[in-house]
There are 2 protein chains.
Amino acid sequence: MDRELTERQQAVLRMIVAEYVATAVPVGSGTIVRKYAPGVSPATVRNDMVTLASAGYVYHPHTSAGRIPSDKGYQYYVRHLMQPGELSADEKRMIVHLFHQIERDLGQWVQLAATLLAQMTGNAALVTAPRVARAELQHLELIATQERSALLIALLGEGMLHQQLLVHSEPLRQEELDQIVRRFNQTLRGRAAEEIAEWDGARTDLERAVRDCLAELMMRVDRQAVPRVWQAGLSLLLAQPEFASREKAQEITRAFEQPTLAVEVADALIEYPGVRVMIGDEVRWSVLRGCAVVGARYGADRRWGAIAVVGPTRMRYDRAIATIQYVSEVMTDLWAKLCG
Amino acid sequence: MDRELTERQQAVLRMIVAEYVATAVPVGSGTIVRKYAPGVSPATVRNDMVTLASAGYVYHPHTSAGRIPSDKGYQYYVRHLMQPGELSADEKRMIVHLFHQIERDLGQWVQLAATLLAQMTGNAALVTAPRVARAELQHLELIATQERSALLIALLGEGMLHQQLLVHSEPLRQEELDQIVRRFNQTLRGRAAEEIAEWDGARTDLERAVRDCLAELMMRVDRQAVPRVWQAGLSLLLAQPEFASREKAQEITRAFEQPTLAVEVADALIEYPGVRVMIGDEVRWSVLRGCAVVGARYGADRRWGAIAVVGPTRMRYDRAIATIQYVSEVMTDLWAKLCG
DNA sequence: ATTAGCACTCGCGATATGTGAGTGCTAACC
DNA sequence: GGTTAGCACTCACATATCGCGAGTGCTAAT
């Protein structure tokens, strides 16, 4: 069953994938001959198709229809047949330009990445902000807002700001807070949530309150499996014939509404370097049944975020891979520049 | 044409709206008699229906179908016929509880509002973070991150944090930055972007760089018509029969993907106090054709955010209004507590 | 190994038909 | 005058039927 494919069988599979990705219509032997391989007879192509079908690379929805690549067929295509795509110089310029335009606004470029990926690939995109396994304090600030309350701001190891309200029983003075901030920053830099919670260097009630508030914030960040998530391009997905039926459309929309999905996808992508392609049963999330995911991590050190394109298995893999590859590189560079 | 409706005609309109909202099926005279008004004959109801139809409150899709409320009919219903709904004590408790659970995480409760509104009304929800017409500096912070770059953090009048990267030609020392921060906070508190840009109190290159960076950030906030926007419940909308067709589904999905929509809706809601109901042609955004919007502002002073429920005109208006009413109150209280 | 020939399959769109919920109208009724 | 029974009429919707044609699988010839 699983014996080697001949040259021509591989070519036929490649053609079937290319044609089906482009048209979403089952590909018949006639179409192949007409468009791709003049000089061979349809019957010959049909014979190869039978081989491909019995090996599980293609199938037909019913007897008198053309062939459709199976998940296994797409996997084989991506691994052995596809010639790697490359973004045009113009596109690369545009990407770099867009990212550098908003270079200074840390919050926005993750959202830009999602929009960009969606537009360039014609599919939906998921992007998560970088996350560390364990939050470490990088810098603390306290701002008095009302008489007895202050805003506690923590810059954590992953380079993101987090905030929490601190309410105290006594009136607060900004100078007092500044002093505490200075001491805490000197002493607690690089510490994790538990270490801060157990730290016994707090001398006053207020210091203890700040310590507890900070520890609580960091524990929340640790616990919270939901870093900030961006997505884009759901409407592009709904335009694909795969999601023409109402159930499918609702299913995918619901899937995109739960932020946990993006987080789980990101967790998988963060494990290894490089672009990862998941097709069919390789996509382990049941809500994404029938979808393919192309993604990669970005960032550095142990601070990784993830970018991904989600679409039907009938997808321009070459383009998706090239886009993910390039955007993740640009973001990694930018990230290095931004937070050392 | 526009003469007063009789008691019974009003009752019939109310029944048509109630039944159509519940079932989404055109309402016939038989159904009305069977379910709501035993003792009257279908012919009588039909006569009233003719009156309602010629006054423009109802119509039928074709001759031999039941009646459907028109936009005008819904408007009349909301203004004259509907008995105001009220959330149950349990629901109120739940809302307050959920908001207080995350009370201290300023970033999350706007998102919670969206999810909550969507779930409680069965429609999509839009929520914008509070926004001021003109950004005013409340507090500044600078954190050295790399040798020549620092993170500039500004707490602005609307109570939200904004950040921007500051890159300098000379190495930066945190103590130096702290001094600048102290001076800037004393001098520039309450100032707007232009005032800061024109401020000539900066003495060193670094101070000038900080001033320019801060002014740039605040101008960006001013310029940027896009405050942070949350949405939820799109999948609930797609489950409604109004969006069963592919075009409708794509149209509404695309509408929700552009953040400008939420901003424009919010701008309209911020103008007046109280719950606002927009139906049919009262909804001025073409992408929301055929939709109704129930929304209100929240916050205080000149710092308003907006919450809104977006659904088909066939909507449980009583419930939507009660929910918006209550949630906006809770959020306004919370807001007052959080940022004075 | 390749190809021409051919009978066969079956989804799809077009057409026809029956059904029934619901209407509008008229005339009788209270 | 408002209300109601009676009745012919309308029209979307569901179901059944049918022809078309793209595409297959098999066989036998090259």
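The structure we're discussing is the one just above.
Note that the structure is a prediction, hence the values are computed from the model and not measured. (Residues numbered from 1 in each chain as written. Chains lettered and ligands numbered in written order. Predicted model: local features only at pLDDT ≥ 70, side-chain atom pairs only at ≥ 80, totals over all residues.)

Undergrad: Talk me through the protein's contact with DNA strand C; I want residue IDs and the actual numbers.
TA: In the vicinity of DNA strand C, 22 residues are found, and the nearest of them are Ser-41, Thr-44 and Ser-64 of chain A together with Gly-28 and Ser-29 of chain B. Counting residues per element, the ones that place at least two in the surface near DNA strand C are α3 (42-54) of chain A together with α2 (29-35) and α3 (42-54) of chain B. Per-element accounting of the surface near DNA strand C gives the leading share, 4 residues, to α3 of chain B. In terms of residue class, the surface near DNA strand C is made up of 6 nonpolar, 14 polar and 2 charged. (Near = placed C-beta within 6 Å. Helix = DSSP H or I, 4+ residues; strand = E, 2+ residues; numbered from the N terminus. Nonpolar A, V, L, I, M, F, W, Y, C, P; charged D, E, K, R; others polar.)

Undergrad: Please give an account of the relation of the copies chain A and chain B that cites residues and values.
TA: Once turned by 180° and shifted 0.0 Å along the axis, chain A lies on chain B with an RMSD of 0.1 Å. Both chain copies can therefore be described as sitting about a two-fold axis. Both copies contact each other with a shared surface, as 100% of the interface residues of chain A are interface residues in chain B too. (Least-squares fit on C-alpha atoms with pLDDT ≥ 70 in both. Contact = placed C-beta atoms within 7 Å.)

Undergrad: How would you summarise helix α7 (residues 174-188) of chain A if you had to cite specific residues and measurements?
TA: Residue and element names in this part refer to chain A. Taking 1.5 Å as the rise per residue, α7 with 15 residues should run 21 Å; its terminal C-alpha atoms sit 20 Å apart, in good agreement. Among the residues of α7, Ile-180, Val-181 and Phe-184 are the ones counted as buried. Taken around the axis of α7, the buried residues stretch over an arc of 105°, which confines them to a single face. In this structure, α7 carries Glu-175 and Gln-186 as exposed residues pointing more than 90 degrees from its buried face. In this structure, the buried side of α7 is in contact with β4 (137-146) and α9 (205-223). Positioned one or two residues after α7, Gly-190 has a phi angle of 85°, which is positive. (Expected span 1.5 Å × (residues − 1). Buried ≥ 20, exposed ≤ 12 C-beta atoms within 10 Å, placed from the backbone. Arc of directions from axis to C-beta.)

Undergrad: Before we move on, can you summarise the packing of helix α5 (residues 89-101) of chain A against helix α6 (residues 108-121) of chain A with the specific residues and values?
TA: All names here are of chain A. Viewed as axis vectors pointing N to C, α5 and α6 meet at an angle of 155°, and their least axial separation amounts to 10 Å. Between α5 and α6, the angle falls in the class roughly antiparallel. You can see that α5 and α6 cross each other, and the crossing is right-handed. Between α5, through Ile-95, Leu-98 and Phe-99, and α6, the contact on the second element is made entirely by Trp-109, Leu-112 and Leu-116. Class assignment for the residues of the contact of α5 with α6 results in 6 nonpolar, no polar and no charged. (Axes fitted to C-alpha atoms, helices over the stretch in contact; angles between N-to-C directions. Parallel < 35°, antiparallel > 145°, perpendicular 65-115°, else oblique. Left-handed = near helix turned anticlockwise from the far one by under 90°.)

Undergrad: Break down the sheet that holds strand β6 (residues 161-167) of chain B for me, with residues and values.
TA: Residue and element names in this part refer to chain B. The 3 strands lie next to each other as β4-β5-β6, forming an open sheet whose pairing is antiparallel. Single-partner strands in this sheet number two, and they are β4 (137-146) and β6. Averaged over all pairs of adjacent strands, the angle between strand axes in this sheet comes to 20°, irrespective of strand direction. Looking at chain direction, strand β5 (residues 149-156) and β6 are connected through 7 bridges and run antiparallel. Looking at the pairing, Ala-154 lines up with His-162 of β6. Set on the sheet, helix α7 (residues 174-188) makes contact with β4 and β5; between it and β4 the angle comes to about 170°. (Pairing = 2+ DSSP bridges.)

Undergrad: Explain the packing of helix α1 (residues 7-23) of chain A against helix α4 (residues 71-81) of chain A to me, using residue names and the numbers behind them.
TA: Residue and element names in this part refer to chain A. Relative to each other, α1 and α4 sit at 115°, their axes nearing to 10 Å. Comparing their axes, α4 and α1 come out roughly perpendicular. The two elements α1 and α4 meet at a crossing, and its hand is left-handed. Mapping the contact onto sequence places Gln-10, Leu-13, Arg-14 and Val-17 in α1 and Gly-73, Tyr-74, Tyr-76, Tyr-77 and Leu-81 in α4.

Undergrad: Can you explain the environment of Gln-174 of chain B? Please cite residues and give values.
TA: By secondary structure assignment, the location of Gln-174 of chain B is in helix α7. Sequence separation between Gln-174 of chain B and Thr-145 of chain B is 29 residues; the distance between their C-alpha atoms is 9.2 Å.

Undergrad: Tell me what's going on with unusual backbone geometry, and back it up with residues and numbers.
TA: Negative phi values dominate among residues other than glycine, just as trans dominates among peptide bonds. For Ala-24 of chain A, which is not glycine, the phi dihedral falls at a positive 65°. For Ala-24 of chain A, the position within the fold is in the loop between α1 and α2 (29-35).

Undergrad: For the protein's contact with DNA strand D, give the residues involved together with the corresponding values.
TA: Neighbouring residues of DNA strand D: 21 residues in total, closest Gly-28 and Ser-29 of chain A together with Ser-41, Thr-44 and Ser-64 of chain B. Only α2 and α3 of chain A together with α3 of chain B provide two or more residues apiece to the surface near DNA strand D. The element best represented in the surface near DNA strand D is α3 of chain A, accounting for 4 residues.

Undergrad: Outline the sheet that holds strand β8 (residues 276-279) of chain B, listing residues and values.
TA: All names here are of chain B. If you trace the 5 strands from one edge of the open sheet to the other, you get β7-β3-β10-β9-β8, paired in antiparallel fashion. Whereas interior strands pair on both sides, the edge strands pair on one side only; in this sheet they are β7 (229-232) and β8. Between one strand axis and the next, the sheet turns through 15° on average, direction left out of account. By the bridge criterion, 4 bridges tie strand β3 (residues 124-131) to β7 in an arrangement that is antiparallel. Of the residues in β7, the one forming a bridge with Leu-126 is Gln-231. With respect to the sheet, helix α12 (residues 259-270) is in contact with β3, β7, β8, β9 (291-300) and β10 (303-312), its orientation differing from that of β10 by roughly 110°.

Undergrad: Which residues make up the pairing of β5 of chain B, and what values do they have?
TA: For β5 of chain B, the tally of buried residues reaches 7 of 8 residues, placing the bulk of the element in the interior. Counting the residues that bridge the hairpin from β4 of chain B to β5 of chain B gives 2 residues.

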